[in-house]
Amino acid sequence: MISRGRALSVSTSITVEGCPTSALWGPYCNQTIETIGCSQFSRYNNSRDLLGLTINTRKILKTKENTRRTSFLSRSNHPIGHQLESNSTSVVGVENLITCAISNDSLCLRQGDIKFYFLDIVNQALQFEITAANFRLSQSASLICYLRCNALPQRDLHDYSGDISSAPLVIKLPNIGRWYIAIEILNKTQMRNTTAPMLDTICFSFDWQVTGCLNGKTGTDCLWEAYVLQRVPKRNPSVPFESYYVPTDERALLEYSHFSLEKFLTNSSFEQFAWTYFFLDVPQGSAGALIHVQLKSDKELNYELYSKYGGLPSNDSWDYYASRTSSSNSSVFYSLQNSTDSDMDLSIFYAKEGTWCFGVKHPNYTSNSQTYMSISLQGCHRNCNQKGVCHASVDESGLTFYSFCTCDRDHGGFDCSDELVSPNGHIRQSVFLIASNAAAILPAFWALRQKAFAEWILYTSSGISSALYHSCDVGTWCILSFRVLQFLDFWLSFMAVVGTFIYMATIKEASKRAMHTAVFILTAILAATGATRSANIGIVIAIGSFGLLIGWILEFSTARRFVCCSWRINLNVPHRWPNLAALFWNTLEMLNKRFRWLYLLFGLITLSFAALSWKLESNSSYWIWHSMWHITIYTSSFFFLCSMRVNTTNHSPETTYELTRQDTLPTTESSQT
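Parameters and conventions
- All residue numbers here refer to positions counted from 1 along the written sequence of the relevant chain.
- Totals for whole chains, interfaces and linings use all residues, but because this is a predicted model, local features are given only for residues with pLDDT of at least 70 and pairs of side-chain atoms are given and counted only at 80 or more.
- For side-chain calculations, the full set of non-hydrogen atoms in the structure is used, while hydrogens and water are omitted.
- Note on conventions: DSSP H or I runs of at least 4 residues are helices, E runs of at least 2 residues are strands, and numbering of each starts at the N terminus.
- Each residue gets one of three labels from its accessible area relative to the maximum for its type: buried under 20%, exposed over 50%, partly exposed in between, using a 1.4 Å probe on protein chains only.
- The contact criterion used is simple: two residues touch if any of their non-hydrogen atoms lie within 4.5 Å.
- Only the protein chains shown count as covering a residue, and every accessible area follows the Shrake-Rupley method with a 1.4 Å probe.
- Each patch is built from residues lacking any salt bridge and having more than 30% relative accessible area; the joining distance is 9 Å for like charges and 5 Å for nonpolar side chains (Val, Leu, Ile, Met, Phe, Trp, Tyr).
- Only one rule defines a salt bridge in this text: a Lys or Arg side-chain nitrogen within 4 Å of an Asp or Glu carboxyl oxygen.
- Residues grouped as a nonpolar core are buried Ala, Val, Leu, Ile, Met, Phe, Trp, Tyr and Cys residues, joined through side-chain atoms within 4.5 Å.
- If DSSP finds at least two bridges between two strands, the strands pair.
- Whether two aromatic rings pair depends on their centres lying within 6.5 Å, for rings of Phe, Tyr and Trp, where Trp uses its six-membered ring; planes under 30 degrees apart make the pair stacked, over 60 edge-to-face, and the rest tilted.
- Put simply, a charge is over a ring when the Lys NZ or the Arg CZ is close to the ring centre, within 6 Å, and near the line of the ring normal, within 35 degrees.
- What a helix is expected to span follows from its residue count: subtract one and scale by 1.5 Å.
- Disulfides are defined as cysteine sulfur pairs within 2.5 Å.
- Lines are fitted to the C-alpha atoms to define the axes, a helix being fitted only along its stretch in contact, and any angle between axes, read from their N-to-C directions, falls within 0 to 180 degrees.
- In these notes the angle categories are as follows: under 35 degrees is roughly parallel, over 145 is roughly antiparallel, 65 to 115 is roughly perpendicular, and the rest is oblique.
- All amino acids are sorted into three groups, where Ala, Val, Leu, Ile, Met, Phe, Trp, Tyr, Cys and Pro are nonpolar, Asp, Glu, Lys and Arg are charged, and the leftover types, Gly among them, are polar.
- UniProt positions are given in the numbering used here, feature names are shortened, and annotations may be inferred rather than shown by experiment.

## Considering the overall build of the protein chain
- Looking only at helices and strands, one finds 11 helices and 30 strands in the protein chain.
- A buried classification covers 42% of the 673 residues belonging to the protein chain.
- Counted over contacts in the protein chain with a minimum sequence separation of 6, partners at least 24 positions apart contribute 68%.
- Accessible area of the protein chain: about 38,000 Å², with a carbon and sulfur share of 55%.

See the structure below:
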């Protein structure tokens, strides 16, 4: 199918400037970002995971700026009890608390200065608390803390902020990732008046506390079950990174891409609804893939599914949500399709690399249903719905794979789910586009009857090449490559139009061959450089009209020995006017004798319809208007050929001959008689 819509060429340039390491910042990369990391002994592989540390020691940290003493206090495997009263039953939530402190003799700031730190949280935590101590501030001064995940915070752009000189700053359920912390001393008087005097240097200390659950629990009270899913690569994947996720215990088998959900649900009697969380990791380089989640039950689903990147989803905080009755379908990166009362099928497109969490909210009562859950990383949505082929490619950086569908001729869309034409419609369109080229029989038969063999070959080959091209275009049969067939179709169609105009000028064969050669070159350039341009029909008609005009000029100049100017200058101008008038009327009389004007009028009308059909072609109506183009362009050529009054013997215009007496005897014999 030909689309003559406007084509736009877009060039995008993205420049990212940054410091060579994450420990530097500023316009000149001359300012440092301090690391808030808790070290371990070598047998723990020097992990900076604050939730997995077992530290009970003191250690000296040295930086480029100064030497500071940091004391790490950890109470690992020490339960902190939270009494939850529900139906006269108490439960103890076990937590893991890690505290990092900086003494006040190493952290000193002046008013207006700002200091940055960062802390890596690699597992899900309950809360993240920052407390300031050992400082002396005037009543007009405040110690302001800004926090932002995976980016440097600013005064007007941050995730959390607070005055930690008056109360600790607590972040509930922080996201997994790198947290940047900015500390600044602000004077309330200075905030209202920029001319207020500067304060002296103030030293203080900080406590960072990250609290998490133990024994595979999570949630605000460590009540809900949490499972880490293992990624299992698929056998013979169509695109890289295709895999599925299953829990890492004996209740699920790695050989199967699904697992029984009821075996992993939280059993609790303290609330009406319980939560069960599943964590998975999307590997680096697979940001072009999608996460596909499916729930299938033998009964009606009573589950709600929440998902969040880098954090724990809840009723108030989630990225995507789906249930049996509603979903978060406002995002273009989310799809919920083919879901019923017992099935739930959702996809997250272009999933970010990193940790994702899926939370299942379910009733607390025991259900007799059997529900299977499957989570997979796929290249193309629903495998292109079996209406196309999934392909993989690499982005410009060479670091990320992305996938796309190449659909068949009857379907479109990013996942080939849009039906462009029905099977019956495809057959109907194919028949119209191919059979409409039978209109080339009309001018071809006329040319053969008049023994104009060159024109007969041109019209016949044009109709055949157009039929073969559209047969390949609709997916029926390709005798040659698509590009070759497209070139032949348009080139021979252009030649058929221009050849008709040249034939209407009955000039000598030498002149006609020269004009045909020039037209061959021009139309071949048009067909090779932009065959589907809408302006081509106007260009072709202009070339044909110009060739017809040149042919008439050559014919008239040869027949009447017309001389534009003479060697003698005749100043008596009025005597020449009768000759010009006679020439004008003789020309009109000759044209009247040459053409059948009714056929000429029909030719112009059908040619106008052909140009209109060319202009009205669109993606939805291409088949009907292009079929009309075939019929009208060949019919117009037939009418133009029929408009010529041509003698069948010598292919010249019909003229009136007088029978004259010839003297066949020699002059001498005539005189003797």
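Moving on from the model shown.
## Looking at a nonpolar patch on the surface
- On the surface, Leu598, Leu601, Phe602, Ile605, Phe609, Leu612 and Leu616 cluster together into a nonpolar patch covering about 630 Å² of accessible area.
- Position of Phe602 among the secondary structure elements: in helix α9 (residues 597-616).
- Overall, the relative accessible area of 36% leaves Phe602 in the partly exposed class.

## Digging into the nonpolar core
- If you look at the biggest cluster of nonpolar residues, it comprises 37 residues, and the most contacted ones within it are Phe490, Phe494, Met504 and Ile633.
- Every element with two or more residues in this core is listed here: α4 (453-473), α5 (482-503), α6 (509-530), α7 (536-560), α9 and α10 (622-642).
- For Phe494, the residues in contact, after removing those within four places along its chain, are Thr523, Leu526, Ala527, Ala531, Asn536, Val540 and Trp614.
- Judged by nonpolar contacts, the second largest core, of 31 residues, contains Tyr245, Leu265, Ile291 and Tyr320.

## As for the sheet that holds strand β2 (residues 31-35)
- Judged by pairing direction, the sheet is mixed, and its 6 strands sit side by side in the order β1-β2-β7-β12-β9-β10 without closing on themselves. The open sheet has two free edges, formed respectively by β1 (24-25) and β10 (160-163), since each of these has just one partner strand.

## Quick look at the pattern of salt bridges
- Considering all chains together, one arrives at 4 salt bridges under this definition.
- With a closest N to O distance of 2.8 Å, Asp120 and Arg178 form a salt bridge. In this pair, Asp120 sits in strand β7 (residues 114-121) while Arg178 sits in strand β12 (residues 177-187), placing the two residues 58 residues apart along the sequence.
- Look at Asp120 and you get buried, because its relative accessible area is 13%.
- The residue Glu184 makes a salt bridge to Arg155 at a minimum N-O spacing of 2.1 Å. Here the residue Glu184 occupies a position in strand β12, and Arg155 occupies one in the loop between β9 (141-149) and β10, the gap between them amounting to 29 residues.
- When its relative accessible area of 2% is taken as the criterion, Glu184 is described as buried.
- Taking relative accessible area as the criterion, Arg155 reaches 53% and is therefore assigned exposed.

## Concerning the pairing of strand β24 (residues 343-349)
- Taken across its 7 residues, β24 has 6 buried, putting it largely inside the fold.
- Direction of pairing for strand β20 (residues 290-297) relative to β24: antiparallel, over a ladder of 7 bridges. Among the inter-strand pairings, Leu290 is bridged to a residue of β24, identified as Phe349.
- As paired strands, strand β23 (residues 334-336) and β24 are joined by 3 bridges and run antiparallel to one another. By the bridge assignment for β24, Ser335 is matched with Ser347.

## So, the packing of aromatic side chains
- Using the criterion set out here, one finds 29 aromatic pairs in the structure.
- Relative to Phe116, the ring of Trp25 lies with its centre 4.4 Å away and its plane at 70°, an arrangement referred to as edge-to-face. Remark: Phe116 occurs in strand β7 and Trp25 occurs in strand β1; sequence separation between them is 91 residues.
- Judged by relative accessible area, Phe116 falls into the buried class, the value being 4%.
- Taking the centre distance of 6.0 Å and the plane angle of 90° together, the rings of Trp446 and Tyr503 count as edge-to-face. One end of the pair, Trp446, is in helix α3 (residues 441-449); the other, Tyr503, is in helix α5, and 57 residues separate them in sequence. For the pair shown, Trp446 and Tyr503 are each scored as buried.
- An aromatic cluster is defined as three or more aromatic residues linked by ring pairs; in this entry it consists of Trp275, Tyr277, Tyr306, Trp318 and Tyr321.
- Seen from the ring of Phe273, Lys361 lies directly overhead, with NZ or CZ sitting 5.1 Å from the centre.

## Focus on the side chain of Thr635
- By secondary structure assignment, the location of Thr635 is in helix α10.
- Leaving out residues up to four positions away in the same chain, Thr635 has contacts with Leu442 and Thr606.

## Some words on helix α2 (residues 423-435)
- The end-to-end C-alpha distance of α2 is 18 Å, a good match for the 18 Å that 13 residues give at a rise of 1.5 Å each.
- Against the buried residues of α2 lie α4 and α10.

## Some thoughts on the state of the cysteines
- Under the counting rule described, the total for this entry stands at 6 disulfides.
- The disulfide partner of Cys380 is Cys390, and the S-S distance across this bridge is 2.0 Å. Across the disulfide from Cys380 to Cys390, rotation about the S-S bond amounts to roughly 80°, and the bridge is consequently right-handed. Placement of the pair is Cys380 in the loop between β26 (371-378) and β27 (388-394) and Cys390 in strand β27, with a sequence separation of 10 residues. For the residue pair Cys380 and Cys390, the accessibility class agrees, reading buried in each case.

## A look at unusual backbone geometry
- Phi at Cys222 is positive, roughly 55°, even though this residue is not glycine.
- With respect to the helices, strands and loops of the structure, Cys222 is situated in the loop between β15 (217-218) and β16 (224-233).
- Classification of Cys222 by relative accessible area gives buried; the value is 7%.

## A look at the packing of α4 against α10
- Remark: α4 packs on α10, axes separated minimally by 13 Å, with the N-to-C direction vectors making an angle of 175°. Between α4 and α10, the crossing angle belongs to the class labelled roughly antiparallel. Between α4, through Tyr459, Ser462, Gly463, Ser466, His470 and Asp473, and α10, the contact on the second element is made entirely by Tyr622, His626, His630, Tyr634, Ser637 and Leu641.
- Of the residues that constitute the contact of α4 with α10, the class distribution is 4 nonpolar, 7 polar and 1 charged.

## Things to note about the UniProt feature "transmembrane region" (unreviewed entry) in the protein chain
- With numbering aligned to this structure, UniProt lists the feature "transmembrane region" (unreviewed entry) at residues 490-507, 514-531, 537-554, 597-616 and 622-642.
- Between the first and last C-alpha atoms of residues 490-507 the distance is 27 Å; the span itself is 78% helix and 0% strand.
- The span residues 514-531 shows a helical share of 94% and a strand share of 0%, and its end C-alpha atoms are spaced 24 Å apart.

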